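The residues making up each chain are set out below.
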Amino acid sequence: MATPDPLHVPVLLQEVLDNLPVPAAGRVLDLTLGLGGHAEAILARCDAGTRYLGVDRDPRARARAEARLGHDARLAILGGTYEDIWDDAGFQGWMRTEAPDGLDAVLMDLGVSSLQLKDPDRGFSFQAEGPLDMRMDPEAGVTALEWLSEQTDATLADALYGYGEERASRPIARAILRSLQAGTLNTTLDLAAAVYTVLPREIARRKKQIDPATRTFQAIRIAVNGELDRLARAITQAALSLKPGGRLGVISFHSLEDRIAKQTLRRLAGIYDGPGRSAPEPLPRKLRLIHAGGLKASEAEAGANPPSRSARLRIGERLEDIQSSRTTP
Ligand SMILES: C[S@@+](CC[C@H](N)C(=O)[O-])C[C@H]1O[C@@H](n2cnc3c(N)ncnc32)[C@H](O)[C@@H]1O
């Protein structure tokens with residue numbers, strides 16, 4: 001029976017169900033299990049022979065998914081990242097025993113879940129007081145505060161610009177590091193306050209613009225979690241783990257992620273986007289693109305679930321190794 005988790009509503013759910021069909025006794029890999037929203041809906045459509053492996057780097061998300069779906073013997077849950085899970089012994093064992101011929105569907109629903117965003121203790125939100133943490137796996141890596149203390153004006157400005165597309169990156173970087181040196185940068189609200197000294201919140205509110213701290217928080221979160229570092233490789237590995245006819249769906253939430261998803265899928269479809277007229281060497285054609293521009297939330301979904309407004313689903317279908325690629329509308 002469906003048990004919606006009020007903390008996170010899965011985005012583009014219907015589009016995922018329609019475009020990642022799972023055949024009888026299908027094999028599904030969910031690389032961002034989160035609270036299991038997509039998993040629950042996909043499993044509800046699948047038969048008893050289905051096997052579904054859910055991976056997430058966040059132990060709290062896994063615990064929540066386990067409480068919600070752990071009764072379903074078709075589901076296995078593993079801790080790890082989609083960059084490194086391929087070398088994990090448990091993962092390799094599951095692939096060997098359950099999916100020796102490859103996978104029918106792989107889902108990557110990138111970014112953070114509402115569980116993470118809404119919990120002030122995780123430090124992702126500029127709307128509530130919390131520690132400057134922002135780690136998706138609170139047991140690994142450095143906190144946002146530790147990461148900030150390793151930055152210079154130049155490296156921080158680069159990160160704010162590169163990962164947040166923040167045009168005021170330089171003065172904001174200086175304001176943040178000034179606050180750090182003065183000993184007044186301890187919480188999420190302190191970080192937001194440093195941004196507001198450069199981009200006043202009141203002006204943004206009057207102009208009905210997004211909160212000026214949004215891009216800075218996004219950039220620091222991406223840097224702390226290394227979110228874009230090896231995304232292209234993970235997407236490639238996911239695509240290559242499909243059996244012919246199997247499909248990969250990647251949901252991104254901002255233009256940086258989407259650019260990587262788009263370029264990687266296009267490259268795997270043998271489409272050359274580099275400089276010049278043709279690729280210096282023939283590109284492998286491993287995928288066929290489905291809905292070349294990707295799918296976006298309907299107006300109804302965007303109204304009911306605001307995080308879905310920025311989501312885009314891109315889909316590729318695995319080809320037999322010798323086939324050529326074509327795009328369908
Ligand atoms: C948008 S949520 C997924 C929500 C899920 N589809 C659902 O319906 O409940 C993204 C999840 O991906 C996880 N995540 C982010 N980066 C990851 C990575 N590199 N490897 C594994 N999990 C990751 C986060 O911890 C988060 O739980």
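The preceding data block contains the structure.
Residues numbered from 1 in each chain as written. Predicted model: local features only at pLDDT ≥ 70, side-chain atom pairs only at ≥ 80, totals over all residues. Heavy atoms only, no water.

So, about the packing of aromatic side chains. Two numbers describe a pair of aromatic rings. These are the distance of the centres and the angle of the planes. Scanning all chains against the criterion turns up two aromatic pairs. Summarising the aromatic geometry, the rings of W86 and F91 are spaced 5.2 Å apart at their centres and angled 80 degrees between planes, so their arrangement reads as edge-to-face. Accessibility assignment for this pair places W86 and F91 in one class, buried. Between F126 and F217 the ring centres are 5.4 Å apart and the planes differ by 75 degrees, which places this aromatic pair in the edge-to-face class. Residue F126 is located in the loop between helix 5 (114-118) and helix 6 (144-149), and its partner F217 is located in helix 11 (residues 214-225); the two are separated by 91 residues in the primary sequence. In this structure, F126 and F217 share a single accessibility class: buried. (Phe/Tyr/Trp six-rings, centres within 6.5 Å; stacked < 30°, edge-to-face > 60°. Buried < 20%, exposed > 50% of the residue type's maximum accessible area, 1.4 Å probe, protein only. Helix = DSSP H or I, 4+ residues; strand = E, 2+ residues; numbered from the N terminus.)

Secondary-structure assignment places S113 in the loop between strand 4 (103-109) and helix 5. Given a relative accessible area of 9%, S113 falls into the buried group. Apart from the residues within four sequence positions on either side, S113 is in contact with H8 and L35. (Contact = heavy atoms within 4.5 Å.)

A few words now on the pattern of salt bridges. According to the stated counting rule, one finds 19 salt bridges in the structure shown. D273 serves as the salt-bridge partner of R266, at 2.8 Å between the closest nitrogen and oxygen. You can call R266 partly exposed: its relative accessible area is 24%. We classify D273 as partly exposed; its relative accessible area is 44%. With a shortest N-O distance of 3.2 Å, K286 and D321 are connected by a salt bridge. Placement of K286 in the loop between helix 13 (255-268) and strand 6 (287-296) and of D321 in the segment after strand 7 (312-318) is noted, with a sequence separation of 35 residues between them. Taking the relative accessible area as the measure of exposure, D321 reaches 52% and is therefore exposed. (Salt bridge = Lys/Arg side-chain N within 4 Å of Asp/Glu carboxyl O.)

Looking now at helix 13. The end-to-end C-alpha distance of helix 13, which contains 14 residues, comes to 20 Å, matching closely the 20 Å that a straight helix rising 1.5 Å per residue would cover. Taken together, the buried positions of helix 13 are L256, E257, D258, I260, A261, T264, L265 and L268. Tucked inside the fold, the buried residues of helix 13 contact helix 7 (153-164), helix 11, helix 12 (231-240), strand 5 (242-252), strand 6 and strand 7. Downstream of helix 13 by a residue or two, G270 has a phi angle that is positive, lying close to 80 degrees. (Expected span 1.5 Å × (residues − 1).)

It is worth spelling out the nonpolar core at this point. Counting residues in hydrophobic clusters, the biggest one holds 33 residues, and the most contacted among them are L29, L31, M108 and L248. Where this core is concerned, the elements lending two or more residues are strand 2 (51-56), helix 4 (89-98), strand 4, helix 12, strand 5, helix 13 and strand 6. (Core = buried A, V, L, I, M, F, W, Y, C linked by side-chain atoms within 4.5 Å.)

We now examine the packing of helix 7 against helix 8 (residues 169-181). As a packed pair, helix 7 and helix 8 sit with axes 8 Å apart at the nearest point and diverge in direction by 125 degrees. Comparing their axes, helix 8 and helix 7 come out oblique. By crossing handedness, the relation of helix 7 to helix 8 is classed as right-handed. Mapping the contact onto sequence places D153, L156, A157, L160 and Y161 in helix 7 and S169, R170, I172, A173, R174, I176 and L177 in helix 8. Broken down by class, the residue content of the contact of helix 7 with helix 8 amounts to eight nonpolar, one polar and three charged. (Axes fitted to C-alpha atoms, helices over the stretch in contact; angles between N-to-C directions. Parallel < 35°, antiparallel > 145°, perpendicular 65-115°, else oblique. Left-handed = near helix turned anticlockwise from the far one by under 90°. Nonpolar A, V, L, I, M, F, W, Y, C, P; charged D, E, K, R; others polar.)

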